[in-house]
Amino acid sequence: MTQLIQYANLRSAPWKNGGGSTTEIAISPAGAHLDDFEWRVSLATIAQDGPFSAFPGIDRSLALVDGDGVLLDFGDERFVLSPSEPLIEFAGEDAVHATVTGQHTTDFNVMTRRGVCRHRLELRTVRGKEALKRRAGTTILFLADGESLTLSSARERIAMVRYDTVVMEADDDWTMEAQQATVLVADIIRN
């Protein structure tokens, strides 16, 4: 099954601490909540400095999609999520404090429940036509930058605009086509 999730149809919700907002894109199983999902992808805006919520037993990846970046303080380590270093992976139980380095930052967030599934997140630039190599039963394609992208298989043709997402579970061969686009590809691997 292939599902197009149009960003224009999604709604954001403020964080409990007021430091930003999150837009849930997809969650599995359908109807799951933050305490019982197997995997979840979302788009978060960090508007002010503050701590991340703790997600024990969850592996997380963040990818910067808009803004100058954010300093992530893990106590004894620091990482600057920036246009030059746009991806980071960490454990959901890690205590993380965010310091916004510009006005705000928007990040694509992938979370998987340890012991149930795991994920790989890859940043790709598409110019022209390129094959999408799927490496898992579920692949999530997010259009992070660029005006549009067309995703095609032998059976389907899907037009995407910025921040749209496609969740693929069928074993089709896919081709991505864009004048220039930046995509994030998340492979969800069941244990």
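Figured I'd write up the structure that's included with this text. All of these numbers come straight from a predicted model, not from anything done at the bench.

1. Some thoughts on the overall build of the protein chain
Moving on, step 1. When helices and strands are counted, the protein chain shows zero helices and 17 strands.
Moving on, step 2. The C-alpha radius of gyration computed for the protein chain amounts to 16 Å, which stays within 12% of the reference 16 Å derived for 191 residues, consistent with globular compactness.
Moving on, step 3. Along the first, second and third principal axes, the C-alpha atoms of the protein chain reach 50 × 35 × 30 Å.
Moving on, step 4. Looking at the protein chain as a whole, 50% of its 191 residues qualify as buried.
Moving on, step 5. Within the protein chain, contacts between residues at least 6 apart in sequence are counted, and of these 69% link residues at least 24 apart.

2. Looking at the sheet that holds strand β4 (residues 39–46)
Moving on, step 1. With respect to topology, six strands assemble into an open sheet ordered β2-β3-β4-β11-β6-β9, the strand pairing being antiparallel. Whereas interior strands pair on both sides, the edge strands pair on one side only; in this sheet they are β2 (13–14) and β9 (87–91).
Moving on, step 2. Sheet topology note: the β4/strand β11 (residues 105–113) ladder contains eight bridges and is antiparallel. Bridge pairing links Thr45 to Thr106 in β11.

3. Quick word on the pairing of strand β14 (residues 148–152)
Moving on, step 1. Here β14 lies mainly inside the structure; four of its five residues are buried.
Moving on, step 2. In this sheet, strand β15 (residues 157–161) lies alongside β14 in antiparallel orientation, the contact comprising five bridges. Paired with Ser152 across the bridge in β15 is Arg157.
Moving on, step 3. Hairpin connection from β14 to β15: four residues lie between these consecutive antiparallel strands.

4. A look at the environment of Asp107
Moving on, step 1. You can see Asp107 is positioned in strand β11.
Moving on, step 2. By relative accessible area, which is 1% here, Asp107 ends up buried.
Moving on, step 3. Taking the C-alpha atoms as reference points, Asp107 and Leu43, 64 residues apart in sequence, are found 5.6 Å from one another.
Moving on, step 4. Excluding anything up to four places from it in sequence, Asp107 contacts Ser42, Leu43, Ala44, Ile46, Leu62, Ala63, Leu64, Val65 and Leu81.
Moving on, step 5. At 3.4 Å, the side chain of Asp107 and the side chain of Thr105 are in polar contact.

5. What to know about unusual backbone geometry
Moving on, step 1. In this model, Ser28 is joined to Pro29 through a cis peptide bond whose omega is -5°.
Moving on, step 2. Within the secondary structure, Pro29 sits in the loop between β3 (20–28) and β4.
Moving on, step 3. With a phi close to 75°, Tyr163 is a non-glycine residue in the positive phi region.
Moving on, step 4. As for its position among the elements, Tyr163 is in the loop between β15 and β16 (165–168).
Moving on, step 5. By relative accessible area, which is 11% here, Tyr163 ends up buried.

6. Topic: the side chain of Ser152
Moving on, step 1. One can find Ser152 in strand β14.
Moving on, step 2. Accessibility expressed as a relative area gives 16% for Ser152, which makes it buried.
Moving on, step 3. The contact partners of Ser152, leaving out residues within four places of it in the chain, are Arg157, Asp173, Trp174 and Thr175.

Rules used throughout
Residues numbered from 1 in each chain as written. Predicted model: local features only at pLDDT ≥ 70, side-chain atom pairs only at ≥ 80, totals over all residues. Heavy atoms only, no water. Helix = DSSP H or I, 4+ residues; strand = E, 2+ residues; numbered from the N terminus. Rg over C-alpha atoms; globule rule 2.2 N^0.38 Å. Buried < 20%, exposed > 50% of the residue type's maximum accessible area, 1.4 Å probe, protein only. Contact = heavy atoms within 4.5 Å. Pairing = 2+ DSSP bridges. Polar contact = N/O pair within 3.5 Å; in protein donor to acceptor, adjacent residues only side chain to side chain.

No statement about biological role is implied by the geometric values presented.
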